[in-house]
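# A structural walkthrough
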Amino acid sequence: MNRRGFLRVATGGAVGVTLLQAEACHSPLRQQKVANDVTPRVEIPTTCDMCVNKCSMIAVVEKGIVKKLNPNPENPKSKGMLCARGNAGIQQLYDPARIKHPMIRNGERGEGKWKVVSWDEALDFAAQKLSAIKEKYGPQGTLWSSSESFQEVFFRNLGQAFGSPNSVRHPTLCLASVNLAYSVTFGTVPSFDVQNARYIIMSGANRLESFITPDTMDLVDATTERKARLIYLDPRFTKTAAKADEWYPIKPGTDLAFILAMLNLIIGENRYNKEFVSTYCTGFEQLAEHVKQYTADWAAEETQIPAKDIQRIAREFADAAPRAIYYAGRRSSWSRDDFSMRRGQAILNAIVGSWDRQGGMVPNAKVELGELMFLPWDDPVAPRVDELDKNFPLAAKGDGVYLKLRENVLAGQPYPVKGWMIYKQDPMSAIPEQEKTLQMLRQMDFVGVIDIQMSDTAWYADVILPESTYLERLDPVEMLGGIRPVVLYRQPVVKPLHDTKPAFEIVQGLAKRLNLFQYFDYTMEQWIAEQVKTLPMDLPLEYLKKHGVYSPAEYPKYGTTLKPDHRFVTKSGKIELFSERLQGAGYDPLPVYHPPSEVPTGKFRLVLGRVAFHTHANTTNYPWLSSFAPENTLWIHPKAADSLGIGAADRVEVASGVGSVRLKAQVTPKIRPDCVFMQHGYGKRSPWLRLANPGGSDAQLLETAWDKVSGGAALHETFVKVRKV
Amino acid sequence: MATRTKRYALAIDAKKCIDCKACVVACRAENGVPVGKSRNWINEELHGDWPKLMAVFEPEQCHHCEDPACVRVCPTGASYQRPDGVVAINSSECVGCRYCMIACPYDARFFREDLGVVEKCDLCAHRLDRGELPACVETCPSKVRVFGDLNDPTSEIHQLLEKRQYRVKKHEAGTGPQIYYLL
């Protein structure tokens, strides 16, 4: 979306005004006007923003108050459902702890003294600080952090127009290793056709608690209707484990051994898809030679999964292909070798021919959206502060590598970074080793936060620019690629309750004061008008206002890339089993297994995961959701608990090499005896998030470790001591 | 029993339940249920020892009995049964005596201290009257519940119960529960 071009919409606001005045067709069920205080009842289709899935929903608004959010069945991705978090969107809107006005710090950082100010004062203050840093350190002295939002594009553009090369996004705290592994292999990151698969293997991708649409719903259907067999590897007995046909509490960090042994057997027994491999893949001979060493007996020792099961699963998987998938998941990195493990999965999926076939991996289809042309700015001159070219040459430049970036900022290398603008992100909760994040905040001359709630990061800010929530604002149209691509519309269902603004207007306000307004001289309505021009209907905006979502009927389509002359977006134009690109960058061209560090005596491996009723660290202050778990607990196996004299509901201290927290023990057989688990999002510092304060924060415990190739934070490399207190 | 034109009921395919709590929050939002109380809930059972474990998740709410004990014991007539089978409470008639809470074999009712009345699931009667599904049924990601009119031979629930085996909970209580758990 950060496309450069010449300003084409020079005619000013005319387009926008027309669109603003254009009322949609008034069906009795759905009206598109923002409800005012006397409207008895309207139903407005819009798009959820309580997690990353962007489900379609219908807001029921009575007399200007959102009464209920109902699922919108027109979206083939969200499939007529709204989860616990989606239903709790009302509590985000009406949260008494929302940031209701712009505020400037009026005491020490983190002291919690704030002065409520006008927007002019807040924006003037932020712009002065940013300009002063630019003056002293250059534009590269500022860091621009943001996470997924339909309005993120404006924030990122402001950082670039300001001249900073330093944008950092969430992928290296999330799925960077998956994305890179599939990109290296296939030249793209495909979706998985869970709905039509017959054999699914999941390594820890706890899809029934960590929702991804439509995979979660399709997986329930596939397993409970006996359409597919689910093999699930996880040190914890999750809800996904409960629905799996087979659950193996694999030794953490050994998944690649399991995968390599499958490759060994499938190739050794000639069970791979020879025609597919010879037509579409390159490097098979090197792969075959490489995996000879990885036998099932060897893998059994590593993984603690019996060899006969590994062999049987490998045969069943190959037999079920192409409707067989080793599901990639969408999850943070676990180990320093996470990328290799994801590569192994990609290669396994490739050699059985589960590519672009029903029930296999499917490259994402897209719907083209138009783009508003705006004035281009000069590219930033300075290199990135995380020195990606040197440290992670294959990592996504626009996303950055968070942990390396923090390390360099703390060291002042290769240059000082003294200003930090943060949009919709909470680095204090999201990044391992919270103490270092706090140091990073403290060494800044200026910290500005755009958010809706007083996150632990906002608590340490100098200025807070409160954003309107997704139920109060008009967003750019969003296209989600997939097996069934969708175009989503998010329209305001109520007027802003407080003195808040959409991120776009905040960006414009800053841009004006930074003399960058020429790059943002358009309206949201103009932006949207350009986007929808390409949609195949007479009145696309009216359609979106009425339906909230558009999905072309012609999908799913399979086999569009299955032509012998198809060029994959890789160096060789083929699916790269052996990767020269990796080799050239100094990495293993084929996935090489390195055993994980052993759990030291007297310690446990800390593992993390999700529950279906929370989104990361964002939702723990909403009573409807945290009532299910008013504090987080430490899962510990009965054998381990016994040996430490820990009983049910005892309080324990959990200590790693970088911090310690106290929380309640939950003695449960649902976890391996050598691991402990705790839920993310609790133990917050910000007193505004009262319900999120109890329990302990995993960010305080996790040690800094990253996947060697993608730079993704390796979240299962921390060992902890546990004692009763 | 008088012949009904409609007989609303729920069929629950508990094996599809992933304990995600969407139904619980949807009900809370739809019916203004205060935190700490709930009109619907999910029973969780864990069996076996590590690593041979099995978990069962089973959603439950008022069973909308054919012969509801709560209605029988209500001294004021606040608890009543609609012609479509839905058991509901007219809160303006409720005096908060809580006899119904003792009578209910399913513990499906709770007392609202703030209002002095008893509450429970009424299958979102106000939504049914608008032609909508109960909130818990509609919002469910894995579509665990099938709601419908048992008296309508073309309804999904009618057809489902014709071809699938099912059980009801606490059959022995004799109240004629109308949540059918599919086997």
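Per the secondary structure count, chain A includes 25 helices and 27 strands. At 25 Å, chain A has a C-alpha radius of gyration in line with the 27 Å of a compact globule built from 725 residues. By residue count, 61% of the 725 residues in chain A fall in the buried class.

Counting residues at the interface gives 23 residues for chain B, matched by 29 residues for chain A. Elements represented by at least two residues in the side of chain B that touches chain A include exactly helix H1 (22-31), strand E3 (52-61) and helix H5 (135-139) of chain B. Per-element accounting of the side of chain B that touches chain A gives the leading share, six residues, to H1(B). Its residues placed into classes, the side of chain B that touches chain A shows 13 nonpolar, two polar and eight charged.

All names here are of chain A. Spatial strand order, E1-E2-E3: three strands in an open sheet with antiparallel pairing. The sheet is open, and its two edges are formed by strand E1 (42-47) and strand E3 (65-71), each paired on a single side. Strand-to-strand twist of the sheet, defined as the mean angle between neighbouring strand axes without regard to direction, takes the value 30 degrees. Of the strand pairs in this sheet, E1 and strand E2 (residues 56-62) are connected by six bridges, and their pairing is antiparallel. In the strand pairing of E2, Thr-46 is matched with Met-57.

Okay, the pairing of E2(A) next. Residues and elements named next belong to chain A. Along E2, six of the seven residues are buried, which leaves the element largely enclosed by surrounding structure. Both E2 and E3 contribute to a ladder of six bridges, which runs antiparallel. What sits directly across from Glu-62, in E3, is Ile-65. Hairpin connection from E2 to E3: two residues lie between these consecutive antiparallel strands, with Lys-63 at a positive phi of about 50 degrees.

Counting 276 residues, the largest nonpolar core has A:Ile200, A:Met262, A:Phe317 and A:Val676 as its most contacted members. A per-element tally of this core places helix H9 (residues 255-268) of chain A first, with 11 residues.

Take the environment of A:Met444 next. All names here are of chain A. Examined against the element boundaries, Met-444 turns out to sit in the loop between helix H18 (434-442) and strand E16 (446-451). We classify Met-444 as buried; it has 22 C-beta atoms within 10 Å. Note: C-alpha distance between Met-444 and Ala-461 (17 residues apart in sequence) is 9.9 Å. Not counting residues up to four positions away in its chain, the partners in contact with Met-444 are Lys-418, Gly-419 and Trp-420.

Attention now moves to the sheet that holds strand E4 (residues 103-105) of chain A. Residues and elements named next belong to chain A. Taken together, seven strands build an open sheet; the order of strands is E5-E4-E17-E16-E15-E6-E7 and the sheet is mixed. Of all strands in the sheet, those with a lone pairing partner are strand E5 (114-116) and strand E7 (167-168), marking the two edges. Sheet topology note: the strand E15 (residues 419-423)/E16 ladder contains five bridges and is parallel. Bridged to Gly-419 within E16 is Phe-446.

Moving on: helix H6 (residues 176-186) of chain A. Residue and element names in this part refer to chain A. Most of H6 sits inside the fold, with 10 of its 11 residues counted as buried. Here the buried face of H6 lies against helix H14 (338-351), strand E21 (575-576) and helix H22 (580-584). Just beyond H6, the residue with positive phi is Gly-187, at close to 80 degrees.

Residues and elements named next belong to chain A. Counting buried positions over the five residues of E15 gives five, a clear majority of the element. On E15, burial covers both faces: Gly-419, Met-421 and Tyr-423 on one face and Trp-420 and Ile-422 on the other are all buried. Summarising the sheet, strand E6 (residues 142-146) and E15 pair through five bridges and their orientation is parallel. From the neighbouring strand, Leu-143 faces E15, where its bridge partner is Trp-420.

Residues and elements named next belong to chain A. Along its sequence, chain A is carved into domain 1 (28-93), domain 2 (191-362 + 559-584) and domain 3 (604-724). Computed over C-alpha atoms only, the centres of domain 1 and domain 3 are separated by 33 Å. Counting residues at the interface gives eight residues for domain 1 and eight residues for domain 3. Taken together, the elements giving at least two residues each to the side of domain 1 that touches domain 3 come down to helix H2 (84-87) and helix H3 (89-93). Of the residues that constitute the side of domain 1 that touches domain 3, the class distribution is five nonpolar, two polar and one charged.

So, about the environment of A:Ala411. One can find A:Ala411 in helix H16 (residues 402-411). A:Ala411 sits 265 residues away from A:Ser146 along the chain, and the two C-alpha atoms are 22 Å apart.

Following A:Ala321, the chain continues to A:Pro322 via a peptide bond in cis, the omega torsion being 10 degrees. Relative to the helices and strands, A:Pro322 is located in the loop between helix H13 (307-320) and strand E13 (324-327). Residue A:Pro556 is reached from A:Tyr555 by a cis peptide bond, and omega for that bond is 5 degrees. Looking at the element boundaries, A:Pro556 is found in the loop between strand E20 (549-550) and E21. Even without being a glycine, A:Asn515 presents a positive backbone phi close to 60 degrees. Of note, A:Asn515 is situated in the loop between helix H19 (503-513) and helix H20 (524-532). Judged by local crowding, A:Asn515 falls into the exposed class, with 9 C-beta atoms found within 10 Å. Even without being glycine, B:His64 reaches a positive phi, approximately 45 degrees.

For the rest of this paragraph, the subject is the packing of helix H4 (residues 119-137) of chain A against H19(A). Residues and elements named next belong to chain A. Two numbers describe how H4 lies on H19: the axes approach to 9 Å, and their chain directions differ by 55 degrees. Put simply, H4 runs oblique to H19. Crossing hand, H4 versus H19: right-handed. Residues Trp-119, Leu-123, Asp-124, Ala-126 and Ala-127 of H4 form the contact with H19, whose own contacting residues are Gly-509, Leu-510 and Arg-513. Its residues assigned to classes, the contact of H4 with H19 comprises five nonpolar, one polar and two charged.

Here the focus is helix H5 (residues 152-162) of chain A. Residue and element names in this part refer to chain A. Across the 11 residues of H5, eight count as buried, placing the element largely inside the fold. Residues Phe-154, Phe-155, Asn-157, Leu-158, Gly-159, Gln-160, Ala-161 and Phe-162 constitute the buried set of H5. Elements in contact with the buried residues of H5: E6, E7, E15 and H19. Once H5 ends, the next one or two residues include Gly-163, with phi positive near 105 degrees.

Of the residues in chain A, 95% reach a pLDDT of 70 or more, and the chain-wide mean stands at 94. In the predicted structure, residues 1-35 of chain A sits below a pLDDT of 50 and forms 58 contacts with residues beyond four places in sequence or in another chain.

Let us look at the packing of H6(A) against H14(A). All names here are of chain A. The N-to-C vectors of H6 and H14 enclose an angle of 45 degrees; their axes lie 8 Å apart at closest approach. The orientation of H6 relative to H14 falls into the category oblique. Between H6 and H14 lies a crossing of right-handed hand. Contacts between H6 and H14 pair Ser-177, Val-178, Leu-180, Ala-181, Tyr-182, Val-184, Thr-185 and Phe-186 from the former with Asp-338, Phe-339, Arg-342, Arg-343, Ala-346, Ile-347 and Ala-350 from the latter. Residue composition of the contact of H6 with H14, grouped by class: 10 nonpolar, two polar and three charged.

Conventions adopted
- Residues numbered from 1 in each chain as written.
- Chains lettered and ligands numbered in written order.
- Predicted model: local features only at pLDDT ≥ 70, side-chain atom pairs only at ≥ 80, totals over all residues.
- Helix = DSSP H or I, 4+ residues; strand = E, 2+ residues; numbered from the N terminus.
- Rg over C-alpha atoms; globule rule 2.2 N^0.38 Å.
- Buried ≥ 20, exposed ≤ 12 C-beta atoms within 10 Å, placed from the backbone.
- Contact = placed C-beta atoms within 7 Å.
- Nonpolar A, V, L, I, M, F, W, Y, C, P; charged D, E, K, R; others polar.
- Pairing = 2+ DSSP bridges.
- Axes fitted to C-alpha atoms, helices over the stretch in contact; angles between N-to-C directions.
- Core = buried A, V, L, I, M, F, W, Y, C linked by C-beta atoms within 7 Å.
- Domains from an automatic or database assignment.
- Parallel < 35°, antiparallel > 145°, perpendicular 65-115°, else oblique.
- Left-handed = near helix turned anticlockwise from the far one by under 90°.
- pLDDT = per-residue confidence, 0-100.

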